[in-house]
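Each chain, written out:
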Amino acid sequence: MTAPKKTVARRPDDKPFDFNLDAVPCEVDLTPFVFVHEGRRWTMQHLQELNIMPLIAAAQNGDAAAMLGAFREALGKEWPEFERKGLPQWKLQPLFDAYSKHCGMAPGESPASSDS
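Residues numbered from 1 in each chain as written. Predicted model: local features only at pLDDT ≥ 70, side-chain atom pairs only at ≥ 80, totals over all residues. Heavy atoms only, no water.

**Some thoughts on the environment of Arg 11**
For Arg 11, the position within the fold is in the segment before strand 1 (33-37). On the basis of relative accessible area, Arg 11 is assigned to the partly exposed category, the value being 41%. When near neighbours in sequence (up to four residues on either side) are disregarded, Arg 11 contacts Pro 16, Phe 17 and Asp 18. (Helix = DSSP H or I, 4+ residues; strand = E, 2+ residues; numbered from the N terminus. Buried < 20%, exposed > 50% of the residue type's maximum accessible area, 1.4 Å probe, protein only. Contact = heavy atoms within 4.5 Å.)

**Looking at the environment of Asp 29**
Here Asp 29 lies in the segment before strand 1. Put simply, Asp 29 and Cys 103 are 74 residues apart on the chain and 8.5 Å apart in space, counted from C-alpha to C-alpha. At a separation of 2.6 Å, a polar atom in the side chain of Asp 29 contacts the side chain of Thr 31. (Polar contact = N/O pair within 3.5 Å; in protein donor to acceptor, adjacent residues only side chain to side chain.)

**A few points about the side chain of His 46**
Mapped onto the secondary structure, His 46 falls in the loop between strand 2 (40-44) and helix 1 (52-59). Reaching out from His 46, the side chain makes a polar contact with the backbone nitrogen of Gln 48 at a distance of 3.0 Å. Look past the residues within four positions of His 46 in its chain and what remains in contact with it is Val 28, Asp 29, Leu 30, Thr 31, Pro 32, Tyr 99, His 102 and Cys 103.

**Some points on the pattern of salt bridges**
Here the structure, examined in full by the defined rule, presents two salt bridges. Of the charged contacts, one joins Arg 40 and Glu 78 as a salt bridge, the two residues approaching to 3.7 Å between their closest N and O atoms. One end of the pair, Arg 40, is in strand 2; the other, Glu 78, is in the loop between helix 2 (63-75) and helix 3 (79-85), and 38 residues separate them in sequence. On the basis of relative accessibility, which here comes to 29%, the residue Arg 40 falls in the partly exposed class. Classification of Glu 78 as partly exposed rests on a relative accessible area of 21%. Two residues, Arg 84 and Glu 81, come together in a salt bridge whose shortest N-O distance is 2.9 Å. Of this pair, Arg 84 and Glu 81 are both found in helix 3, three residues apart, which corresponds to roughly one turn of the helix. (Salt bridge = Lys/Arg side-chain N within 4 Å of Asp/Glu carboxyl O.)

**Things to note about the packing of aromatic side chains**
In total, this model carries seven aromatic pairs according to the counting rule given. With a centroid separation of 6.0 Å and an interplanar angle of 85 degrees, the aromatic rings of Phe 35 and Phe 82 are classed as edge-to-face. Residue Phe 35 is found in strand 1, and its partner Phe 82 is found in helix 3; the two are separated by 47 residues along the sequence. Exposure class is identical for Phe 35 and Phe 82. Each is buried. (Phe/Tyr/Trp six-rings, centres within 6.5 Å; stacked < 30°, edge-to-face > 60°.)

Right, dumping it as structure tokens:
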């Protein structure tokens, strides 16, 4: 006696996927955030445009790490120079608050938090 063959459900040819993430439109204005520090203009990508994966990893190490992770991602190629210039701790929260406000985030909301 042989075991019955398992049937494998197959996706119809006219439905190659269940959800097209590539077709999801962005519903916010992604204007970059520009600020001045040490006499230089710095440009940060909008929070909604950042890769979420490094932000989640940084957020696991606390609020300060989450803010720095967001800055690192948002500044992109400018990050090494920004890091060399340094940032006094007392300026970290005001900069993050201004950036968050520009990006439409609620005060105190982590960049890796969800909208739900």
